[in-house]
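Working through the structure, step by step
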Amino acid sequence: MIDTHPSLYIAPTLGDALSALGERGAEGAAFAGGTWIMRAPIRHQPLGRAYVALGKIEELQRVDVTPAHVEIGACATHATIAAALAPCSDLAVLAEAAGRSANPAVRSAATIGGNLMAADFAAADLVPALLCLEASVEIVARDGVERMTISDFLLKRQYLACDRLLSRIRIERADRRSAHTRLPLRKAGDYPVAIVSLSARIEAGRLMEPRIAVGSVEPVARRWTPLEAALEGAPIDIAAARHAAEAYAAYFQGREGIEAPGWYRISVLPALIGRALQSLSS
Amino acid sequence: MTLRLTINGRESLAPDDPMTPLVDLLRERFHLTGAKPVCREGFCGACLVMIDGEPTLSCLTPGGLAEGRDIRTIEGLSPAGRLNPVQNALEAHDAVQCGMCFPGMVMTLTHALRRNAAPSREELRHALTGNTCRCTGYERILDAALSAAGALQGGEP
Amino acid sequence: MSEISTVDPSAAVMDLKRRDARDKLTGRTRYTMDRAGAGMLHAAVLRSPLAAGRIRRLDTSRAAALTGVHAIVTADDAPGLVGIGIADHPLFARDVVRYIGEPLAAVAAERPEDAAAALAAIEIEIEPLPAVITMADALAEGAQLVHPGWQDYEVLFEGGRREGNVAWEATAIRGDVDAAFARPDAVIVENTFRVGRQNHLAFEPRAVVAHYEDGRFHIETSTQVPWTVRNATARVLGVPASEVRVTVPPVGGGFGLKFDMAIEPFAALLARASGRTVRLVNSREEEMLTCLCRENAEIRIRSAVTRAGEILGREAVVLMDCGAYGGEQIFLTTMTAHTLGGNYRVGASRLVSRAIYTHTAPNGAFRACNGVYNTFALERHTDEIAQAIGMDPLAFRYRNVLGDGDLGATGQRYEGEVLRPMLERMDTLRGIPTAATRMADGRLYGRATTVGTWFVFTGPSAATVNMNADGSATLVTSGVEIGSGSMMTGLPQIVAATLGIRPEDVVVRQADTDAAGFDVGVGGGRTTVSLGAASLAAAGEVRGKLLRVAADMLDADPEHLTIREGRIEVAGSNGPGLSIAEVASRAQTLLGPIAGTGGFTSKGTPAMSGCAAGHFIDALDIPVFAVHDCEVAVDPDTGHVEMLAYRVVQDVGRALNPRAILGQIQGGVVQGMGYALQEEVTIGSEGNILQTGFETYRVPLAPDVVPVEVSLYEGAPSLGPLGIKGAGEVPILNVGASVACAVANAIGRPVHELPLTPPHVAALMLGRRSAPVLPHIAGRWTDNLVKKA
Ligand code: FES
Ligand code: FES
């Protein structure tokens, strides 16, 4: 029996965190809000051997909003993000995603970095929101900084070397509007069975460059490109958009789960598109 | 090495096992059994304690991260056996049944009413999204909280 | 006893504040899971990973040698079998395992992590056997038997038919059903229904702290049934029941989950083996996997009605999954006759309910057991009948609900006109229903009114009241406070009204089998009725003694004395009087301390002879009726059902503490709403329950609920003390029914299964789902019965 408890090092700076992670190697892992890691026992996963807590690193908690862009530290909590972005109508999708996920106590603990790093968590609200905003992420290591698009990151996140850290999420702002529609089974308080995140420019009542991301329907959220193409330049017409969504629903393979079957996740997408469009135009 | 925790205003020492959930330290080490580990996954809210004035899930908070912060449990929420306005209202409205969820309910409602002196019933409903109750059906808890609204401004702890 | 009859019931009626609320609000209440003792050990249970298999090897030697491990116990330490009706249940799996989660061994160790390590070090080899997971599997030709030795079990209650995987069968047959169905004017309506399990999700898991002192076990446990725990623990351990003492701290939620022995014997054995205090608390996952859920059930019901709306005949088959062991379901087969066979006047009927063994976790009791789904089936069936004959469903109910002198399914004669006036009360409460079918926001609107029949589970209770010289009284019973408040308000109110003192002056002794007499337990709405009747009798005896002593002291006739507000006085204005404390202390000096005892048991209301077979209760001593009305909105895109309004008219006999009853109704309706709409237990193909915690098992949250509008219907006949009936259990009874009928009305399609989760409702609207096909229920009713050998 191994009788040493896992260790927890509270890193005062990003540099310290990186060194600590480097020293601990494969045994180490970053610890942000804890809402995923602390549930390891109920997933029947052992806790790691050594954690490096990021919660005291000021720069990772910050949300910087400028007229041109937004930068969100990886340890900003859902609650912080929702509050910081509340005034930004172009980023409504992210504010909604952060402000409605799970429940208030979880939102004030769970971080955006944790949400992005939990590769097994299909129902993450922030992921489709960031996809439709074409966010980019910054990965830091002791020897430098790497930037990549959020879609690239989703492909690579499981293989991130143990001494590298997701540090920041950056979103370029534009004259766009956005909306986040999620479908929990109760009114609130549970993970959504399907999510539609939408961002578009609206010109003379038409949708320009719509970006649509779908979450929770498949194991990993992704963009609904055929529907984006179909709606490009189309007038805002909810019924027509729902029809188009129905036509392209086969683009997804719904994931089976005990809370909802795969077909259901897909069957609600047209309605969610309709709702997203509704709140976009209101 | 030991963990130094400030619980209900008192400095308390626990063995250095920093990843142990705070709820277990509170209960097993300090015999503060008010916070209940009912689900251990952030959904029931029965384990909520205040940390630096914010309702915090003690089931998902490692003890090590609570060091140096002000931890307040239901036992220490109001001074010596007194009830705060939320607790008073819950008692007066006969809201309590088995009682297991109430330590967490009190935390959430106290915090919500401190932030907003005049919440609507709908706002309170949503504030309680992370506080499950299996017995009461919630409405009396909402009645009580609404009747206590306004009484928590003016700086009570 | 004239002392009792002179008690003024209105003196007991009040909205009394709960004495336990303050500690619960400040976190001071110590539930069983919060208790700890010096040198206490932590226990854990090794559970079967397979649904069916033969135990080839179970070796604890390596685990026993680990540091920190103090004791390990296995089947060898617990020889007895327990059960209800049939003794089929060992404490630990012996030779074979029958469900995932079945206990194999238990350990006690210094720290929880030591106990976990010990479990991991126990070596087991189980050879898998074919498993029957569903009732269809269990009833299939040549199915694997869950209990190949079923014939060898001790029968504890005679009368049920059994065979192979049919653990118990109860029938209720009255009148000539074949003739009714053969009538030329009969319209035949037939439906099938299916419901899943419901987990109680009591916040306090099952928990126990056990001690072994002076050759006796002392078990502190979170239970509703201290005497059952005492007797059943003794039976499985093979020790005399007098060697077991059970005490019960405040219980953090029961709802029927804790109506049976649970994990107590593990801790008891470990305490004896280790000589230390042992605590065992189930994890939430264990609670989910081994919860004694409300059982899943499958129902076929068929009725013959005339076009004018007369119900000529009815037959039904109800299959109840008892899981691997019979348990409560054996008893609950009884209830079908009174629930599915309740509500309506029926010409002739035959009903069979069968408890079926499967290789799944055993089921148990849950608030309005059996009634909840039988009422769902009956009320949806009733709506389909009304539709088939073109009658308004409410008019059909007015025409057919049970009234004064009508016969129930076992031939019981119902007294009093209750349901019809309750329907009228509901009409007033609801007003004229709207004819809308679609709401402004595009959602589909539906509404329904349903009726329900339930009962008070009477049975034996004992109480002692000690009158103290300071004017207070101590009430000693084996009743447990599970959260409903009955023990904290109802009983003190009854005793106080009898003794003319304040409820606050009645001390309630915590349940202790060493201190109080036998009691069936807290559940079935029986607390204020059975324990109340026993308490009333005990207090009545004390009252009589007090009055006689006072009469001597005042030189008056006892008949001319009044007892109220802490004083005994000669009737009439300005009569001389004494405080009760004065009388009590005088009595103490003169005759010794005053005490009274009381007992109660069921009356045994008669049924028609020959109707019921295999029933534990042939007729209902105290029927309880309910009328519910529900309005819903259904999202046509997603299948989400929102409850818009909910109304209850409940038969309470007499409302002793109206505010407490209203609290029970709100809570019970919301639990029923969870059952109707959200709470789903899925059993995987391996036989494991897939919902393992709060994330996946979704109970209603604050945003989901509505305030229930309630009208308490008083005055229906009741054998209960002061005319009361149990009020805490029945509120959940017709919620599944009302929601299902309202949803069916909203979507314009029939509903045959619960829960109505959004995917389920969407599937109904899309035509992806239709009524369940139940080939394992034979088309001919008689073919469903166990053949007499
Ligand atoms: S125990 Fe922490 S939220 Fe349930
Ligand atoms: S009162 Fe029992 S869980 Fe809320």
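Residues numbered from 1 in each chain as written. Chains lettered and ligands numbered in written order. Predicted model: local features only at pLDDT ≥ 70, side-chain atom pairs only at ≥ 80, totals over all residues. Heavy atoms only, no water.

Some details on unusual backbone geometry
In this chain, C:Leu754 is followed by C:Pro755 through a cis amide linkage whose omega measures 0°. Even without a glycine there, the phi angle at B:Asn8 is positive, about 50°. Residue placement: B:Asn8 occurs in the loop between strand E1 (2-7) and strand E2 (10-15). Even without being a glycine, C:Leu201 presents a positive backbone phi close to 50°. (Helix = DSSP H or I, 4+ residues; strand = E, 2+ residues; numbered from the N terminus.)

Quick notes on the UniProt feature "domain: Aldehyde oxidase/xanthine dehydrogenase a/b hammerhead" (unreviewed entry) in chain C
Per the UniProt entry, the sites bearing "domain: Aldehyde oxidase/xanthine dehydrogenase a/b hammerhead" (unreviewed entry) are residues 26-130 of chain C in this numbering. For residues 26-130 of chain C, the helix share is 13%, the strand share is 39%, and the end-to-end C-alpha distance is 52 Å. (UniProt positions renumbered as here; feature names shortened; annotations may be inferred.)

Some details on the interface of chain B and chain C
Listed as interface residues are 46 residues of chain B and, on the opposing side, 52 residues of chain C. When the two sides are added together, the surface that chain B and chain C hide from each other amounts to roughly 4100 Å², 57% of it contributed by carbon and sulfur. Of all residues in chain B, B:Glu91, B:Gln97 and B:Arg134 give up the largest surface area on contact with chain C, accounting jointly for 19% of the area buried on that side. At the boundary of chain B and chain C, one finds seven salt bridges. For the pair chain B and chain C, the interface holds 28 residue pairs in polar contact (both at pLDDT 80 or more). Broken down by secondary-structure element, the contributors of at least two residues to the side of chain B that touches chain C are helix H1 (22-29), helix H2 (85-92), helix H3 (102-115), helix H4 (121-127) and helix H5 (139-148) of chain B. Ranked by the residues each element gives to the side of chain B that touches chain C, the list is headed by H2(B), at four residues. Residue classes in the side of chain B that touches chain C are distributed as 21 nonpolar, 13 polar and twelve charged. (Contact = heavy atoms within 4.5 Å. Buried area = accessible area lost by both parts, 1.4 Å probe. Salt bridge = Lys/Arg side-chain N within 4 Å of Asp/Glu carboxyl O. Polar contact = N/O pair within 3.5 Å; in protein donor to acceptor, adjacent residues only side chain to side chain. Nonpolar A, V, L, I, M, F, W, Y, C, P; charged D, E, K, R; others polar.)

Focus on the packing of aromatic side chains
Residue and element names in this part refer to chain C. Under the defined criterion, the tally for this structure stands at 23 aromatic pairs over all chains. Between Tyr-99 and Tyr-325, the aromatic rings sit 6.4 Å apart at their centres with planes inclined by 80°, giving edge-to-face as the arrangement. Of this pair, Tyr-99 sits in the loop between strand E7 (96-97) and strand E8 (103-109) while Tyr-325 sits in the loop between strand E19 (311-323) and helix H10 (327-332), and the two are 226 residues apart along the sequence. Both residues of the pair, Tyr-99 and Tyr-325, count as buried. Both rings, one in Trp-227 and one in Phe-518, keep their centres 5.6 Å apart while their planes meet at 65°; by these two values the pair is edge-to-face. In this pair, Trp-227 sits in helix H7 (residues 226-237) while Phe-518 sits in the loop between strand E24 (506-508) and helix H16 (527-554), placing the two residues 291 residues apart along the sequence. Through a chain of ring-to-ring contacts, the aromatic side chains of Phe-157, Trp-168, Phe-259, Phe-331, Trp-454, Phe-455, Phe-457 and Phe-616 assemble into a single cluster. (Phe/Tyr/Trp six-rings, centres within 6.5 Å; stacked < 30°, edge-to-face > 60°. Buried < 20%, exposed > 50% of the residue type's maximum accessible area, 1.4 Å probe, protein only.)

Side note on the side chain of C:His776
Residue and element names in this part refer to chain C. Here His-776 shows up in the segment after helix H20 (758-765). Residue classification places His-776 among the buried residues on the basis of a relative accessible area of 16%. Once you skip the residues sitting within four places of it in the chain, His-776 turns out to touch Met-135, Ala-136, Leu-139, Glu-298, Leu-319 and Asn-784.

What about the domain arrangement of chain B?
All names here are of chain B. Each assigned domain of chain B is listed here: domain 1 (2-77) and domain 2 (85-153). A C-alpha centroid distance of 21 Å is found between domain 1 and domain 2. At the interface, 17 residues of domain 1 touch 14 residues of domain 2. When the two sides are added together, the surface that domain 1 and domain 2 hide from each other amounts to roughly 1200 Å², 65% of it contributed by carbon and sulfur. One can count zero salt bridges joining domain 1 with domain 2. Applying the counting criterion to the domain 1 and domain 2 interface returns four residue pairs in polar contact (both at pLDDT 80 or more). Only strand E3 (48-51) and strand E4 (54-57) provide two or more residues apiece to the side of domain 1 that touches domain 2. With three residues, E3 is the single largest residue contributor to the side of domain 1 that touches domain 2. When its residues are assigned to classes, the side of domain 1 that touches domain 2 shows ten nonpolar, four polar and three charged. (Domains from an automatic or database assignment.)

Quick look at the interface of chain B and chain A
Many analyses report the size of an interface as the accessible area lost when the parts associate. Counting residues at the interface gives 21 residues for chain B and 25 residues for chain A. In total, chain B and chain A occlude about 1800 Å² of area from one another, counting both sides; carbon and sulfur atoms represent 73% of this. Across the chain B-chain A interface, the total number found is zero salt bridges. Those elements that provide at least two residues to the side of chain B that touches chain A are E4 and H4 of chain B. Residue classes in the side of chain B that touches chain A are distributed as twelve nonpolar, six polar and three charged.

Notes on the sheet that holds strand E1 (residues 7-10) of chain A
Residue and element names in this part refer to chain A. Here we have three strands laid out as an open sheet, ordered E1-E3-E2, and parallel in their pairing. Each edge of the open sheet carries a strand with a single partner, namely E1 and strand E2 (28-31). Direction aside, neighbouring strands of the sheet carry axes that sit 25° apart on average. Pairing of E1 with strand E3 (residues 50-53) involves four bridges; the strand directions are parallel. Of the residues in E3, the one forming a bridge with Tyr-9 is Val-52. Strands E1, E2 and E3 of the sheet are contacted by helix H1 (residues 14-24), whose axis makes an angle of about 170° with E3. (Pairing = 2+ DSSP bridges. Axes fitted to C-alpha atoms, helices over the stretch in contact; angles between N-to-C directions.)

Considerations on the nonpolar core
A:Ile72, A:Leu94, C:Leu499, C:Leu546, C:Val634 and C:Leu756 are the most contacted members of the largest nonpolar core, which has 323 residues in total. If one sorts the elements of this core by residue count, H16(C) sits on top with 14 residues. In this structure, A:Ile72 is in contact with A:Arg62, A:Val63, A:Ile81, A:Leu94, A:Ile112, A:Ser167, A:Arg168, A:Ile169 and A:Ile171, ignoring residues within four places of it in sequence. By size, the runner-up hydrophobic cluster in this structure holds 31 residues, among which are A:Val193, A:Ile212, A:Ile266 and A:Leu280. (Core = buried A, V, L, I, M, F, W, Y, C linked by side-chain atoms within 4.5 Å.)

Re the environment of A:Tyr264
For A:Tyr264, the position within the fold is in helix H11 (residues 262-267). On the accessibility criterion, A:Tyr264 (0% relative accessible area) is buried. With 47 residues separating them in the primary sequence, A:Tyr264 and A:Val217 have C-alpha atoms 9.1 Å apart. Dropping the residues within four chain positions of it, A:Tyr264 is found in contact with A:Leu183, A:Val193, C:Thr638, C:His640, C:Pro758, C:Pro759 and C:Ala762.

Considerations on the pattern of salt bridges
Under the criterion given, the structure shown has 97 salt bridges over all chains. Residue A:Arg168 pairs with A:Glu138 through a salt bridge whose shortest N-O separation is 3.2 Å. Residue A:Arg168 is located in strand E8 (residues 165-172), and its partner A:Glu138 is located in strand E6 (residues 136-141); the two are separated by 30 residues in the primary sequence. We classify A:Arg168 as buried; its relative accessible area is 13%. Judged by its relative accessible area of 8%, A:Glu138 falls in the buried class. For the salt bridge of C:Arg206 with C:Glu287, the shortest nitrogen-to-oxygen distance reads 2.9 Å. Here C:Arg206 is found in the loop between strand E13 (187-195) and strand E14 (207-213), whereas its partner C:Glu287 is found in helix H9 (residues 284-290), with 81 residues between them in sequence. Accessibility expressed as a relative area gives 5% for C:Arg206, which makes it buried.

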